[in-house]
Amino acid sequence: MGRCPLGMTFPDGEASYYTVADFTDFTDHPYHAKEIDQASRRGEGWISMWYVNCDPESLSVSFDITISMYNVLPDGTKFYSSLGEMPLPLVYGILGATFTVLFCAWVVYVVAHKADAHRIHVLMAALLVFKALTMVAKAGETHMDGKYGEDRGWSVAFYVFNSIRGMLFLLVVVLVAV
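Conventions adopted
- Numbers given for residues are sequential positions, taken from 1 along each chain in its written order.
- Reporting of local features is limited, given that this is a predicted model, to residues whose pLDDT is at least 70; pairs of side-chain atoms are given and counted only at 80 or more, and all residues count toward the totals for whole chains, interfaces and linings.
- Heavy atoms throughout the structure, all of them, feed into the side-chain values; hydrogens and water do not.
- Here, patches come from residues exposed beyond 30% relative accessible area and free of salt bridges, joined within 9 Å for like charges and within 5 Å for nonpolar side chains (Val, Leu, Ile, Met, Phe, Trp, Tyr).
- Methods summary: accessible areas were calculated by the Shrake-Rupley approach with a probe of 1.4 Å, and residue burial reflects only the protein chains presented.
- A side-chain nitrogen of Lys or Arg and a carboxyl oxygen of Asp or Glu constitute a salt bridge if their distance falls within 4 Å.
- A run of H or I in DSSP becomes a helix once it reaches four residues, and a run of E becomes a strand once it reaches two; helices and strands are each numbered from the N terminus.
- Think of it in three bands: residues with accessible area under 20% of the maximum for their type are buried, residues over 50% are exposed, and the middle band is partly exposed, with areas taken using a 1.4 Å probe on protein chains only.
- Nonpolar cores are built from buried Ala, Val, Leu, Ile, Met, Phe, Trp, Tyr and Cys residues. Side-chain atoms within 4.5 Å join them into one set.
- Here, residues are in contact when the closest pair of their heavy atoms is within 4.5 Å.
- As a rule, the C-alpha atoms of each element are fitted with a line to give its axis, helices using only the stretch in contact, and angles between N-to-C directions run from 0 to 180 degrees.
- Throughout, the term roughly parallel applies to angles under 35 degrees, roughly antiparallel to angles over 145, roughly perpendicular to angles from 65 to 115, and oblique to all others.
- Crossings are assigned a handedness: left-handed for a near helix turned anticlockwise from the far helix by less than a right angle, right-handed for a clockwise turn.
- Residues are grouped as follows: Ala, Val, Leu, Ile, Met, Phe, Trp, Tyr, Cys and Pro are nonpolar; Asp, Glu, Lys and Arg are charged; every other residue, Gly included, is polar.

Below, the discussion takes up a nonpolar patch on the surface. Nonpolar side chains collect at one region of the surface, where V61, F63, I65, I67 and M69 lie side by side and expose about 480 Å² of accessible area between them. Here F63 lies in the loop between β4 (50–53) and β5 (71–72). The class of F63 is partly exposed, set by a relative accessible area of 45%.

Structure, rendered in structure tokens:
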């Protein structure tokens, strides 16, 4: 049996799950503890963090804390998103490129059939542009979030492009229906 810093014991087989700040059961311990997340040891993606007051005389404590959570990749670099989100920048980038190709094909088709083209076809082209921009911004957001732990402004671009795309989509649907 291993020992945690508060004198609690846990089975040796579970010792690899704990660091100095991780504990499992405080129900029979005389000191005060506040659980932030009880989901420890339930599988990947679960994070537990505990605050433990080891001083039986003190009921209030003041401190500043900075926490950085990341995965370490095999090459030693830090990845701040979950590992399941690692391929998302590539997927969003491919989708952005696909919508750009569709935009180009749409422009070629509309120019080739200029006699049958209407203003709504220009709106549809604008819709494809903003869909491509939305996907590129989402690719940038997920890439920066994984690399630096923050999106560094890409979410603003994503929400702006996505809002314009949504308005254009509704406008196209209404104009087609009329």
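Here the focus is the nonpolar core. Of all hydrophobic cores here, the largest spans 6 residues; its members are Y92, F99, L128, A132, M135 and A139. Going through the elements one at a time, α1 (88–112) and α2 (119–148) are the ones with two or more residues in this core. The residues touching L128, leaving out its near neighbours within four places in the chain, are F99, L102, F103 and W106.

Structurally, the position occupied by K147 is in helix α2. Its relative accessible area of 46% is what places K147 among the partly exposed residues.

What follows is about the packing of α1 against α2. Contact geometry for α1 and α2: axes closest at 8 Å, N-to-C directions at 165°. It follows that α1 is roughly antiparallel to α2 by the angle criterion. Seen from above, α1 lies across α2 with left-handed handedness. When the residues that make up the contact of α1 with α2 are grouped by side-chain class, the tally is 17 nonpolar, 6 polar and 2 charged.

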